[in-house]
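Each chain, written out:
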Amino acid sequence: MPRRPHPPHGPLGTRIVRRLTRRVTPRRARARLTLLFGVLFLATGAVLLTITYLLVDNSAGRFVSVHTGGPDQEPEVEIRPGPGPFPGLRGGLGDLARELRAQAARQHDAQMHDLLVQSGVALAIMAVISMVLGWLVAGRILRPLRTMTASIRQISAHNVHERLAVDGPADEMKQLADSVDGLLGRLERALESHKRFIANAAHELRTPLTLERALLEESLIDRDAGVDSFKANFERLLKISKQQGSLLESLLTLANSERGVDRSDPLDLADLTEEALLTLRPRAELRGVRIDGESAPAPTAGDAALVDRLIVNLVDNATYYNVPGGYVEVTTHSTAEHAVLTVSNTGPDVPPDQVDRLFEPFNRLRRTTGDGHHGLGLSIVRAIATAHDATLTAQARPDGGLIVEAAFPLRAPAPAPHRPKRPRTGTAHV
């Protein structure tokens, strides 16, 4: 059965009014401002003329009355506000008063008509003048905006370092220009970071590809190669392929972390930390490193898988970059506003000015070829913390190693369903 087409939104009259409004309304801001100025002037001018007309119409006396002071005195004529009777008038004096009153009324009507016509002509002239002045004023107001628009159109990825640098008073236009300059600055930093990331990723991928090609060419060129030689080359190729897979998985995790959190569920850093340490302690003991944990409730909300990866990367990074006989301390606690995870480890000296650089992709203090670590662990940690609105701080310990603290927004503790512990699979990305 064919589906019925959905009716257009809104009644027919509303749609017609909207279409007419869109067609009548000018598209350019200058024309709209001019039209607005003209309409406002016409409205205020019409109100002003109406008030003036009413005041003039009711201010002056409209009727004439005639009276006499006595039989021996001359009649007097004076203008009074009201029609009033004419006491004491005799004969023709009453007729004279009525005629004078009618004449005064006609004269008043003629004056008010002239006032109305002349006011209308004056309003029409001033409306034209106001439209012209509105056009000039609107152009003057929008001139800085046109200048900024022309400058922004000339900015591309090749000259993103340029700025508007608008001078003048701190008005709305200056604030807009400063906001655009701030946005351009952030875009420039993002582009530079993106370029460095691509260059580093290409370098990290090019090295194993070059080695793989060399191993394959060696197997093809060496005609006397036996089974043992092929087996050794294949084992090396398998190891390189595993490292490449780990690198690609780390890049995918980093990209997903920077995209943001799709879902936010209640979780406790203490529970996730205890689960992580169960898997990481045996690996640390093989390297001669001791892991101490002290977990206090630290309720927060977020993506449990990403927060788990953050904990694993921090602890695994602290274990790998350590010294024989060293230790790693992992604690969780909550403050008035945050759920806090702290990872502290012994290790080689870290220059304080190099701490922030460790959180950039592919940055390591000491490069070791073939160690399986690509310098992405802490950058993934930072991306996950940013996605969860967490504050990440790091500082070098005086006797070597790092102290890293991740403060997540605190969630009020609430009873949660029991979540069975699952065996951990995969490796950390460092």
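Up top is the structure these notes are about.
Worth saying up front: this structure is predicted, and the values here are computed from it rather than measured.

Participant: Could you give me a rundown of the overall build of the protein chain, with the residues and numbers involved?
Facilitator: Helices and strands together make up the secondary structure of the protein chain, namely 8 helices and 9 strands. Across the 430 residues of the protein chain, 31% fall into the buried class. When the accessible surface of the protein chain is split by element, carbon and sulfur atoms take 59% of a total near 28,100 Å².

Participant: Just give me the short version of the pairing of strand 7 (residues 338-345), but keep the residues and values in it.
Facilitator: For strand 7, the tally of buried residues reaches 7 of 8 residues, placing the bulk of the element in the interior. In the sheet, strand 6 (residues 327-334) pairs with strand 7 via 7 bridges, with the strands oriented antiparallel. Within the sheet, the bridge partner assigned to Glu 329 lies in strand 7 and is Ser 344. Counted along the chain from strand 6 to the antiparallel partner strand 7, the turn is 3 residues long.

Participant: A description of the packing of aromatic side chains should follow, citing residues and the corresponding values.
Facilitator: Counted under the stated rule, the structure contains 1 aromatic pair. Arranged with centres 4.9 Å apart and planes meeting at 85 degrees, the rings of Tyr 320 and Tyr 321 form a pair that is edge-to-face. Residue class for Tyr 321 comes out partly exposed when judged on its relative accessible area of 27%.

Participant: Now, about the sheet that holds strand 8 (residues 391-396): what can you tell me, with residues and values included?
Facilitator: Ordered in space as 4-6-7-9-8, the 5 strands form an open sheet in which the pairing is mixed. Lying at the two open borders of the sheet, with one neighbouring strand each, are strand 4 (290-295) and strand 8. Each adjacent strand pair in this sheet contributes to an overall mean axis angle of 10 degrees, direction not counted. Direction of pairing for strand 8 relative to strand 9 (residues 402-409): antiparallel, over a ladder of 6 bridges. Across the sheet, Thr 391 pairs through a bridge with Ala 407, a residue of strand 9.

Participant: Give me the lowdown on the pairing of strand 6, citing residues and values where you can.
Facilitator: One ladder, built from 6 bridges, connects strand 4 with strand 6; its direction is parallel. Looking across to strand 6, one finds that Ser 295 is bridged to Thr 332.

Participant: Any chance you could break down the pattern of salt bridges for me, citing the residues and the numbers?
Facilitator: Between side chains of opposite charge, pairing is possible as soon as their charged atoms come close. Evaluation of the coordinates by the stated rule reveals 6 salt bridges. Linking Arg 163 and Glu 188 is a salt bridge whose minimum nitrogen-to-oxygen distance equals 2.7 Å. Here Arg 163, found in the loop between helix 3 (92-153) and helix 4 (172-221), pairs with Glu 188, found in helix 4; they are 25 residues apart in sequence, far enough to count as distant. Overall, Glu 188 belongs to the partly exposed group, its relative accessible area being 24%. Ionic pairing is found between Glu 360 and Arg 382, a salt bridge with its closest N-O pair at 3.2 Å. Of this pair, Glu 360 sits in the loop between strand 7 and helix 8 (377-387) while Arg 382 sits in helix 8, and the two are 22 residues apart along the sequence.

Participant: If you had to explain unusual backbone geometry to someone new, which residues and values would you point to?
Facilitator: Not every positive phi belongs to a glycine, and Ala 165 is a case in point at roughly 50 degrees. With a relative accessible area of 54%, Ala 165 lands in the exposed category. You will see that Asp 389, though not glycine, has its phi angle at about 55 degrees, which is positive. Secondary-structure assignment places Asp 389 in the loop between helix 8 and strand 8.

Participant: So what's going on with the packing of helix 7 (residues 304-320) against helix 8? Residues and values would help.
Facilitator: Across the interface, helix 7 lies against helix 8 with an axial gap of 9 Å and an inter-helix angle of 145 degrees. Remark: the crossing between helix 7 and helix 8 carries left-handed chirality. Contacts from Leu 306, Val 307, Arg 309, Leu 310, Asn 313, Leu 314 and Asn 317 of helix 7 reach helix 8 at Gly 377, Leu 378, Ile 380, Val 381, Ile 384 and Ala 385. Of the residues contributing to the contact of helix 7 with helix 8, the split by class is 9 nonpolar, 3 polar and 1 charged.

What counts and how
Residues numbered from 1 in each chain as written. Predicted model: local features only at pLDDT ≥ 70, side-chain atom pairs only at ≥ 80, totals over all residues. Heavy atoms only, no water. Helix = DSSP H or I, 4+ residues; strand = E, 2+ residues; numbered from the N terminus. Buried < 20%, exposed > 50% of the residue type's maximum accessible area, 1.4 Å probe, protein only. Areas by Shrake-Rupley, 256 points an atom, 1.4 Å probe, with all protein chains shown as cover. Pairing = 2+ DSSP bridges. Phe/Tyr/Trp six-rings, centres within 6.5 Å; stacked < 30°, edge-to-face > 60°. Axes fitted to C-alpha atoms, helices over the stretch in contact; angles between N-to-C directions. Salt bridge = Lys/Arg side-chain N within 4 Å of Asp/Glu carboxyl O. Left-handed = near helix turned anticlockwise from the far one by under 90°. Contact = heavy atoms within 4.5 Å. Nonpolar A, V, L, I, M, F, W, Y, C, P; charged D, E, K, R; others polar.

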